Amino acid sequence: MKLLYVFDAYCGWSYGFAPTLAEIARRHPELPAEVVSGGLFTDARRVPIREFGYVQGSNAKISELTGVRFGDAYQRLIADGSFVMDSEAAALGMAALRAAAPDRAVDLAAAMQEAFYLDGLSLSDPATYRRIAEAAGLDAEAVVTALRSPATRAAAEADFRRSRELGVDGFPTLLALDGQRSAVLARGHATADQVDRLLADIR
């Protein structure tokens, strides 16, 4: 059995779920965890953030339920309203980081979200990935170079395709996979204890 985490780096609920995922990974080192990017802000949804009028209210709810903090730099992005969240660019970044350290994908996904939701950094900017890679002790130059590679684009596109094939229509979604069987452990919000109970039921 393994865990499959489908998230979007620009999804506030995915950001709120990150501490839960980290705790689940800590409790269950025997379960490999794979991270796949979803496509929340693509095509017609790739517009200035001001067009999503629910963001501030949603963030307040996320903070209330999960305890995560939204940083001042991010709050300034929201107030300005012109920033465009691009999930394709974020998926490229996730794929490049994941290729550099596949066994650290959970931590790297969390680092991407902290870069945006705490530090207000764009996940379309190669400099953001250089910073994340350096902080993680990875080869930053290799990660930045990988952002432009056909293999990375193919991996990001495969993530979107896999998310659709699994029937995931909301982020975050945490699945348990066992051969051809899959079970939903969390969708949107859950505590580590709630996930543990579901894991116990399917084992």
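Residues numbered from 1 in each chain as written. Predicted model: local features only at pLDDT ≥ 70, side-chain atom pairs only at ≥ 80, totals over all residues. Heavy atoms only, no water.

Asker: It is not clear to me how the packing of aromatic side chains should be interpreted in this structure. Could you clarify?
Answerer: Ring pairs (aromatic) are described by centroid distance and by the angle formed between their planes. Overall, the coordinates contain 13 aromatic pairs when judged by the stated rule. Measuring from centroid to centroid gives 5.3 Å for Y15 and F70, while their planes differ by 65 degrees, and the two rings are edge-to-face. Taken together, the positions of Y15 in helix α1 (residues 12-27) and F70 in the loop between α2 (55-66) and α3 (72-80) put the pair 55 residues apart, joining distant regions of the chain. By the ring-pair criterion, three or more aromatic residues cluster together here, those being Y10, Y15, F70, Y74, F83, F116 and Y117. (Phe/Tyr/Trp six-rings, centres within 6.5 Å; stacked < 30°, edge-to-face > 60°. Helix = DSSP H or I, 4+ residues; strand = E, 2+ residues; numbered from the N terminus.)

Asker: Quick question: what am I supposed to make of empty space enclosed by the protein here?
Answerer: Gaps left between atoms show up when a probe the size of a water molecule is rolled over them. A full pass over the atoms with the stated rule returns one cavity of 30 Å³ or more. For the largest cavity, the calculated volume is near 40 Å³. Lining the largest cavity are Y5, F7, S14, A18, L21, V106, A109, A110 and Q113. In terms of residues, the lining of the largest cavity owes the most to one element, helix α5 (residues 105-117), which gives four residues. Grouping the amino acids of the lining of the largest cavity by side-chain chemistry returns seven nonpolar, two polar and no charged. (1 Å grid on protein atoms, 1.4 Å probe; cavity = no way out; pocket = protein on both sides within 12 Å on 5 of 7 lines; lining within 4 Å. Points joined across faces, edges and corners; volume = space filled by probe spheres on them. Nonpolar A, V, L, I, M, F, W, Y, C, P; charged D, E, K, R; others polar.)

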